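Chain and residue survey
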Amino acid sequence: MPGSHGQRTRSPKPTTIHGFAQSGDLVGLQKKLQENPSLLNERNAVMAQTPLHVSAGYNKTEVVKFLLDWQGSEKVELEAKNMYGETPLHMASKNGCSEAAKILLDHGAYIEAKANNGMTPLHLAVWYSLRAEDCLTVKMLLEYNADSSVKDNEGLTPLNHLSQGPESEKLRKLLHWHNEEQRKRRAIEACSETKAKMAELEEALTNLVGLHDLKLQLRKWAKGMLLDEKRRALGLKVAARKSPHMAFLGNPGTGKTMVARILGRLLHMVGILPTDKVTEVQRTDLVGEFVGHTGPKTRRKIKEAEGGILFVDEAYRLIPMQKADDKDYGLEALEEIMSVMDSGKVVVIFAGYSEPMKRVISSNEGFCRRVTKFFFFGDFSSLELSQILHLKLKNQEEDSSLYGFKLHPSCSLDAIANLIERGTTEKQRMEMNGGLIDPLLANARENLDLRLDFDCSDADELLTITLEDLEAGLQSLIRMSGVESNIE
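By the naming in an unreviewed UniProt entry, the chain is AAA+ ATPase domain-containing protein, taken from Protea cynaroides. Under the UniProt heading Sequence similarities (unreviewed entry), the entry covering the chain gives this text: "Belongs to the CbxX/CfxQ family."

Structure, rendered in structure tokens:
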């Protein structure tokens, strides 16, 4: 027998790339790869493991580094999976190879990768620690912020795998401490994100003039929904909020469409809606002219609005003033919309004059059950219209005809408010509201062009709208609206 002469049985020298990876023979592995670079991610016959799996599982750090830094045309597969769905990081973790695991993580290995049984590297590191009474790999993974709350396919977290005993107790304290630290970190991150989103909403609200009660309600909603988002980030279970279908009541030009767009961004921002789109429709977009036409037409618009807000402007036009009118299909369109309001796929906002909207509210017994929020948009005062004008000119887009223009210092809020008060009647302001501002500014710019001389070379003068321009623009607008009224 070989042993009788004092000789030891030697393991055969490795000849495969996986053998070189296991033994840590870097020279042999390098030579093998130079001869055949395609062996870099070669799978072995039994476990379907790559050389990186093997070297990581045996803590052969020099081989691991070499494979990760390989400069050939093919790159090492950092997230390659063996027959059990385990990555090289899993292999390092399950065998307590903390040095190899650290190298893999420093090269971008995914710390939350899941094997076929749903276990992460941290799950396997805990198992190893229980067997070997060695917490180094667990500590290292936690230092890289491994999530200790992740569940495997049996619904167990790494903490749930611990049994009784001194080593389990040591690991339990370590994982509990990490859980608390992770919870604190998430709380800080969630708080920071929540504040950023509230700041975004506040910025949008600064472009809304007046509407104080509505702004207060929007802030309440936003805060509640964002706090729910924070609660979920901390792992707390809270009921999902229902889609807040609404009715916007008020005269044209009072900001209903603008608020709908802000709401779209808000509901998307907090995850209630998958998109921030607002689909604006009126009666003509929904109601057909013959039997069987309205249903499909309305359903197409609802489908278009899915994931966002369906904004039904002048919704009262869906309900005929005379109930005996059995040829009107508006009620059918309303019923189609009502039928999808419980699905959670779309948020519906009905908008229109306060008094006529009572027809819509009373036309369907399920309306008030589904539409839970009613907002009243009051008419703008002359001072509020002046504020809107200032904001409009300040926030012009580059493709706007007014981009680059500014107001003369004499165009203060009070001066423009007095101009609007003198130049319009209360009835005109009530009928136009914010709709007065765009044509007023367009007319004012035309007056600026009319009064400037071609020889003018003063850049400031070429771009400055004066109180005189605004007055001329307002007079032109009122004359035109009077002509239109006479034509009607």
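Additional details are given in the paragraphs that follow.
**Some remarks on the overall build of the chain**
In terms of helices and strands, the chain carries 22 helices and 7 strands. Compactness check: the chain gives a C-alpha radius of gyration of 35 Å against a globular reference of 23 Å for 488 residues, more than 25% above the reference. Overall size of the chain, expressed as C-alpha extent along the three principal axes, is 125 × 70 × 45 Å. For the chain, buried positions account for 45% of its 488 residues. Partitioning the intrachain contacts of the chain with sequence separation of at least 6 by distance along the chain shows that 72% fall at a separation of at least 24. When the accessible surface of the chain is summed, it comes to about 26600 Å², and 51% of that surface belongs to carbon and sulfur atoms. Here the chain holds 63 positive side-chain charges and 69 negative ones, and the gap between their average locations is 9 Å.

**A word on the UniProt feature "repeat: ANK" (unreviewed entry) in the chain**
Within this numbering scheme, the UniProt entry marks residues 84-116 and 117-153 as carrying the feature "repeat: ANK" (unreviewed entry). The straight-line gap between the two end C-alpha atoms of residues 84-116 is 6 Å; of that span, 48% is helix and 0% is strand. Taken end to end, residues 117-153 is 54% helix and 0% strand, and its first and last C-alpha atoms sit 6 Å apart.

**Observations concerning the pattern of salt bridges**
Enumeration over the complete set of coordinates arrives at 18 salt bridges. Residue Lys94 pairs with Glu86 through a salt bridge whose shortest N-O separation is 3.1 Å. A salt bridge links Glu280 to Arg261, with the nearest nitrogen and oxygen atoms 2.7 Å apart. Residue Glu280 is found in strand 2 (residues 278-281), and its partner Arg261 is found in helix 11 (residues 256-269); the two are separated by 19 residues along the sequence. For Glu280, a relative accessible area of 39% corresponds to the partly exposed category. Taken together, the shared-partner salt bridges connect Asp342, Arg369 and Arg370 into one network.

**Regarding the side chain of Thr50**
When you line up the elements, Thr50 lands in the loop between helix 2 (26-35) and helix 3 (51-57). Relative accessible area serves as the criterion here: at 0%, Thr50 is assigned to the buried category. Not counting residues within four places of it along the chain, the set of residues in contact with Thr50 comprises His18, Asn41, Glu42, Arg43 and Ala80.

**What to know about helix 7 (residues 121-132)**
Compared with an ideal rise of 1.5 Å per residue, which puts 12 residues at 16 Å, helix 7 spans 16 Å between its outermost C-alpha atoms and is within 8% of the ideal. Within the span of helix 7, buried status applies to Pro121, Leu122, His123, Leu124, Ala125, Val126, Tyr128 and Ser129. Following helix 7 by one or two positions, Glu133 adopts a phi angle in the positive range, close to 55°.

**Some points on the packing of aromatic side chains**
Counted by the stated rule, this structure contains 6 aromatic pairs. Taken together, a centroid distance of 5.9 Å and an interplanar angle of 65° make the contact between Phe248 and Phe375 edge-to-face. Remark: Phe375 occurs in strand 5 (residues 373-377) and Phe248 occurs in strand 1 (residues 246-250); sequence separation between them is 127 residues. Looking at Phe248, the relative accessible area reads 0%, which means it is buried. Taking relative accessible area as the criterion, Phe375 reaches 7% and is therefore assigned buried. Among the aromatic residues, those joined into a ring-pair cluster are Phe248, Phe311, Phe375 and Phe377.

**Some points on the packing of helix 4 (residues 61-68) against helix 6 (residues 98-106)**
With their axes 9 Å apart at the nearest point, helix 4 and helix 6 run at an angle of 15° to one another. The angle between helix 4 and helix 6 places the two elements in the roughly parallel class. In this structure, helix 4 crosses over helix 6, and the sense of that crossing is right-handed. Residue-level contacts link Thr61, Val64, Lys65 and Leu68 of helix 4 to Glu99, Ala100, Ile103 and Leu104 of helix 6. Classifying every residue of the contact of helix 4 with helix 6 by side-chain character gives 5 nonpolar, 1 polar and 2 charged.

Rules behind the numbers
As a convention, each chain's residues are numbered from 1 in the sequence order in which they are written. With the structure being a predicted model, the display of local features is reserved for residues of pLDDT at least 70 and the display and counting of side-chain atom pairs for 80 or more, all residues being used for whole-chain, interface and lining totals. In computing side-chain values, all of the structure's heavy atoms are included and hydrogens and water are not. UniProt positions are given in the numbering used here, feature names are shortened, and annotations may be inferred rather than shown by experiment. Secondary structure elements follow DSSP: runs of H or I of four or more residues count as helices, runs of E of two or more count as strands, with numbering from the N terminus. With the radius of gyration taken over C-alpha atoms, the globule rule is written as 2.2 Å times the number of residues to the power 0.38. Throughout this description, buried means an accessible area under 20% of the type-specific maximum (1.4 Å probe, protein chains only), exposed means over 50%, and partly exposed covers the range between. Contacts are assigned to residue pairs that have any heavy atoms within 4.5 Å of one another. In short, Shrake-Rupley with a 1.4 Å probe defines the accessible areas, and a residue's cover is counted only from the protein chains shown. Asp and Glu count as negative and Lys and Arg as positive, but His and the ends of the chain are not part of the count. Note on charges: their place is set at NZ of Lys, CZ of Arg, CG of Asp or CD of Glu. Here a salt bridge means any side-chain nitrogen of Lys or Arg lying within 4 Å of a carboxyl oxygen belonging to Asp or Glu. Expected span of a helix, by definition, is 1.5 Å for each gap between consecutive residues, and there is one gap fewer than residues. Stacked, tilted and edge-to-face are the three classes applied to pairs of Phe, Tyr and Trp rings, where Trp contributes its six-membered ring and a pair requires centres within 6.5 Å; stacked means planes under 30 degrees apart, edge-to-face means over 60, and tilted covers the rest. In this analysis an axis means a line fitted to C-alpha atoms, helices contributing only their contacting stretch, and an angle means the value between N-to-C directions, from 0 to 180 degrees. Angles below 35 degrees are treated as roughly parallel, those above 145 as roughly antiparallel, those between 65 and 115 as roughly perpendicular, and all remaining angles as oblique. Rotating anticlockwise by less than a right angle from the far helix to the near helix defines a left-handed crossing, while the corresponding clockwise rotation defines a right-handed one. We call Asp, Glu, Lys and Arg charged. Ala, Val, Leu, Ile, Met, Phe, Trp, Tyr, Cys and Pro are nonpolar, and the rest, Gly among them, are polar.

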